[in-house]
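One letter stands for each residue in the lines below.
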Amino acid sequence: MKKITKALQDSPINYYSDLFVIVMVIDWLAVVVIMVIFAIYATVVYGDTGMWSYVGELVSVPLSAGGAIWMIKNSVQHAIANRDGKQAHMDFPKVDVDEIELETATNDEPKG
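Remember, it's a predicted structure, so these values are computed and weren't measured experimentally. (Residues numbered from 1 in each chain as written. Predicted model: local features only at pLDDT ≥ 70, side-chain atom pairs only at ≥ 80, totals over all residues. Heavy atoms only, no water.)

**A closer look at the overall build of the protein**
Regarding its fold elements, the protein presents four helices and zero strands. Starting at the N terminus, the α and β elements of the protein follow one another as α-α-α-α. The buried share of the protein, taken over its 112 residues, is 6%. Of the accessible surface of the protein, which amounts to about 9,800 Å², a share of 67% is contributed by carbon and sulfur atoms. (Helix = DSSP H or I, 4+ residues; strand = E, 2+ residues; numbered from the N terminus. Buried < 20%, exposed > 50% of the residue type's maximum accessible area, 1.4 Å probe, protein only. Areas by Shrake-Rupley, 256 points an atom, 1.4 Å probe, with all protein chains shown as cover.)

So this is what it looks like as structure tokens:
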């Protein structure tokens, strides 16, 4: 137990909630791999593809929920920054729309 405690103290994991999230993600990935193996087995041996719908749900639901939580977190952080008169942190680099339109226009020209 002392080795585990020492390893955690030396790691970048500072909170038990971080450790909990890491364990959840590792478990989720393991379950996805196991279910894919069983889905392949069920498809090959029994000709049953019903297991794949469960694999799809297992992958899509946590990713969708995580994306929604991430968007809500960013919205709250931006609202707090705007309220305090600060510039909101940019989540992604700015996209130059004019450059995209120019590339699209030049790529659509007929060749000949």
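Having seen the structure, we can now continue with the description.
**Focus: the confidence of the model for the protein**
Put simply, the protein has an average pLDDT of 80, and 78% of its residues get 70 or more. When pLDDT is averaged over each element of the protein, helix H2 (residues 16–46) comes out on top at 90 and helix H4 (residues 97–107) at the bottom at 58. (pLDDT = per-residue confidence, 0-100.)

**Here's the deal with helix H3 (residues 51–83)**
Along its 33 residues, H3 runs 49 Å from first to last C-alpha, staying within 8% of the 48 Å computed at 1.5 Å per residue. Each element contacted by the buried residues of H3 is listed here: H2. Phi turns positive one or two residues past the end of H3, at glycine 85, with a value near 80°. (Expected span 1.5 Å × (residues − 1). Contact = heavy atoms within 4.5 Å.)

**Remarks on the packing of H2 against H3**
Two numbers describe how H2 lies on H3: the axes approach to 8 Å, and their chain directions differ by 160°. Taken together, H2 and H3 sit at an angle that is classed as roughly antiparallel. Of the two possible hands of crossing, H2 and H3 adopt the one that is left-handed. Here Trp28, Val31, Val32, Met35, Val36, Phe38, Ala39, Ile40 and Thr43 of H2 come into contact with H3, specifically with Met51, Trp52, Tyr54, Val55, Leu58, Val59, Pro62 and Leu63. (Axes fitted to C-alpha atoms, helices over the stretch in contact; angles between N-to-C directions. Parallel < 35°, antiparallel > 145°, perpendicular 65-115°, else oblique. Left-handed = near helix turned anticlockwise from the far one by under 90°.)

**Notes on the pattern of salt bridges**
This model, assessed by the stated rule, comprises one salt bridge. A salt bridge links aspartate 84 to arginine 83; the shortest N-O distance between them is 3.3 Å. On the basis of relative accessible area, arginine 83 is assigned to the exposed category, the value being 63%. (Salt bridge = Lys/Arg side-chain N within 4 Å of Asp/Glu carboxyl O.)

**Remarks on the side chain of asparagine 74**
Residue placement: asparagine 74 occurs in helix H3. There is a polar contact of 3.0 Å between the side chain of asparagine 74 and the side chain of lysine 73. (Polar contact = N/O pair within 3.5 Å; in protein donor to acceptor, adjacent residues only side chain to side chain.)

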